[in-house]
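# Structural description and commentary
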Amino acid sequence: NDSLDLKKKSTLYPVPSNIIPNGNIPEINNRSRNLVVFGMIKRNKGLEDLAAIASQMAEDPYFQGRKIHMLGTVLTQGVDGHEILRKSIIPQVFPRISSRDLEILSLEDTIRLVQILESKDPIPSEKFLSDNLNFILKDRMKQVNGQKPNFNRKIPLYIHLNQTTEQVSELLKANLYSFLPMQRGVTDHSGTTAASLAHHMITFANKNEEETPPSLLNGSINFLNDTREILNAVKSH
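This write-up is about the structure you can find in this document. Just so it is clear, the structure is predicted and the values come from calculations on it, not from any experiment.

## As for the overall build of the chain
Within the chain, the regular secondary structure consists of nine helices and six strands. Classification of the 237 residues of the chain by burial places 46% in the buried group. Partitioning the intrachain contacts of the chain with sequence separation of at least 6 by distance along the chain shows that 73% fall at a separation of at least 24.

As C-alpha cells, then:
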C-alpha cells in the first residue's frame, strides 16, 4: 500500500540523453548498418543473448560483413557485469580464452584483457601487465615479428568497455541500428533510449505492455515481442 500511495503522489519526467551528439549526424546512407547495444553491463539487460544473436548473424548471408557493437560500463560494485563478461561474452567471442582462464582475473584485469583483444595495437610488454594477464596471454597469443596475432574472433560481436561519452557518441553516429534488449522494455526515464533517439538511430526494443509509456508508442521505436526476433525485425524494417 505504501508503494501504491507513493506512486500516486509521484511524477516521473522524461530523462534527457546524457550522451549528446557533437556536430552533424550522418545521413542514413552514410552510416554502417551495424547493431549497437549500449548501457550498463549488468543483469536483466538482455546481454546474455548477444552471443547467440551474433552467431545467427554470422551464419546468415543477409548480414555478411555486419557487426554487433556492445558498448558498456562495468560497475565496480557487485559481480553482475563481471560474470556476464567472463561467462556469456568473452569465451563466445574469443574461444581460445575459456571461462576457466577468466576465473583468475579481477574485474580490472578482465576489462584490460578485452581492451587488448579489441585493440589493433601490439600486446603490451610483460612489465605493463599483471601476472594473471601474462599467464593467459603468454602461450596463446605470441607475437611474431612484432605483429599482433590473430585472436580468432568466432562471431561478429565487438566489445567496447568503459568508453568516454564522446567515444560512445561517435559509434552511435557511425552506425544505423540501436538494439535495447532489456526485458523491461524502454521507459521515459531511460537515458539509453533518449541517447539512441538523439543520435537518430533506428531503434529496436522489447515491448512491455505495462511499462512502455504512450510517449514512446508514436513510431519512433520498433518494438519486439521477443529479443530473439531482432534479426528478422532488421530484415523486414
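## Focus: the environment of N225
Relative to the assigned elements, N225 resides in the loop between β6 (221-224) and α9 (230-236). Separated by 40 residues in sequence, N225 and G185 place their C-alpha atoms 9.9 Å apart.

## Focus: the packing of helix α3 (residues 80-93) against helix α5 (residues 107-118)
Two elements in contact, α3 and α5, have axes whose closest approach is 10 Å; the angle formed by their N-to-C orientations is 40°. As summarised for this structure, α3 and α5 are arranged oblique, according to the angle between their axes. The chirality of how α3 crosses α5 is left-handed. Of the residues in α5, those touching α3 at H82, L85 and I90 are L107, T110, V114 and L117. Class assignment for the residues of the contact of α3 with α5 results in five nonpolar, two polar and no charged.

## Structural notes on the nonpolar core
Ranked by size, the top nonpolar core spans 48 residues in total, and within it L35, M70, L157, F179, F204 and I230 carry the most contacts. With six residues, α5 is the single largest residue contributor to this core. The residues touching M70, leaving out its near neighbours within four places in the chain, are V37, I41, L47, L50, L85, I89, L157, Y158, I159 and H160. Of all hydrophobic cores here, the second largest spans 15 residues; its members include L172, V186, A205 and L216.

## Quick look at the pairing of strand β4 (residues 175-180)
In terms of burial, β4 is largely enclosed, as six of its six residues are buried. One ladder, built from three bridges, connects strand β1 (residues 32-41) with β4; its direction is parallel. Bridging from a neighbouring strand, V36 pairs with S178 of β4. Direction of pairing for β4 relative to strand β5 (residues 202-206): parallel, over a ladder of four bridges.

## Overview of the sheet that holds β4
Strands sit in the order β3-β2-β1-β4-β5-β6 across an open sheet of six strands; the sheet is parallel. Across the chains shown, the open sheet's two edge strands, defined by having one partner strand only, are β3 (157-161) and β6. On average, adjacent strands in this sheet sit at an angle of 25° to one another, irrespective of strand direction. Note: strand β2 (residues 68-74) against β3, five bridges, orientation parallel. Bridging across to β3, I68 finds its partner in L157. Most of the contacts of helix α8 (residues 191-198) go to β1, to which it runs at about 155°, and overall it touches β1, β4, β5 and β6.

## Describing helix α2 (residues 50-59)
For α2, the full list of buried residues reads L50, A51, I53, A54 and M57. For α2, the arc enclosing every buried residue in end-on projection is 160°, short of the 170-degree limit, so these residues lie on one face.

## A short note on the side chain of T203
Within the element layout of this structure, T203 appears in strand β5. Since its relative accessible area comes to 0%, T203 is described here as buried. Apart from residues no more than four positions distant in its own chain, T203 is found in contact with S178, L180, S196, L197, S220, I221 and N222.

## Points about the pattern of salt bridges
Taken as a whole, this structure holds seven salt bridges when the rule is applied. Close ionic contact of K235 with D60 constitutes a salt bridge, the shortest N to O distance being 2.6 Å. Note that K235 is positioned in helix α9 and D60 in the loop between α2 and β2, a separation of 175 residues in sequence. Residue classification places K235 among the partly exposed positions, given a relative accessible area of 34%. Exposure remark for D60: the relative accessible area of 19% places this residue in the buried category. As a salt-bridge pair, E118 and R153 come within 2.7 Å of each other at their nearest N and O atoms. Of the two residues, E118 is situated in helix α5 and R153 in the loop between α6 (131-140) and β3; the sequence distance between them amounts to 35 residues. We classify R153 as partly exposed; its relative accessible area is 27%. What emerges from the salt-bridge pattern is a single network uniting E83, R86 and K87.

Analysis parameters
Each chain carries its own residue numbering, running from 1 in the direction its sequence is written. Under the rules for a predicted model, residues below a pLDDT of 70 receive no local features and side-chain atom pairs below 80 are neither given nor counted, while totals for whole chains, interfaces and linings still include all residues. Heavy atoms throughout the structure, all of them, feed into the side-chain values; hydrogens and water do not. In DSSP terms, a helix is any run of H or I states spanning at least four residues, a strand is any run of E spanning at least two, and both are numbered starting from the N terminus. For every residue, the accessible area (1.4 Å probe, protein chains only) is compared with the maximum for its type, and the residue is labelled buried under 20%, exposed over 50%, or partly exposed between those bounds. Contact between two residues is taken to exist if any of their heavy atoms lie within 4.5 Å; hydrogens are not considered. To get an axis, fit a line to the C-alpha atoms, keeping to the stretch in contact for a helix; angles then go from 0 to 180 degrees between the N-to-C directions. Here the angle decides the label: under 35 degrees means roughly parallel, over 145 means roughly antiparallel, 65 to 115 means roughly perpendicular, and every other value means oblique. Handedness of a crossing follows from how the near helix is turned relative to the far one, being left-handed for an anticlockwise turn of less than a right angle and right-handed for a clockwise one. Under this grouping Gly is polar, as are all residues other than the nonpolar Ala, Val, Leu, Ile, Met, Phe, Trp, Tyr, Cys and Pro and the charged Asp, Glu, Lys and Arg. Residues belong to one nonpolar core when they are buried, are Ala, Val, Leu, Ile, Met, Phe, Trp, Tyr or Cys, and are joined through side-chain atoms within 4.5 Å. Note on pairing: DSSP must find at least two bridges between two strands before they are called paired. It is the directions from the helix axis to the C-beta atoms that the arc portrays. Here a salt bridge means any side-chain nitrogen of Lys or Arg lying within 4 Å of a carboxyl oxygen belonging to Asp or Glu.

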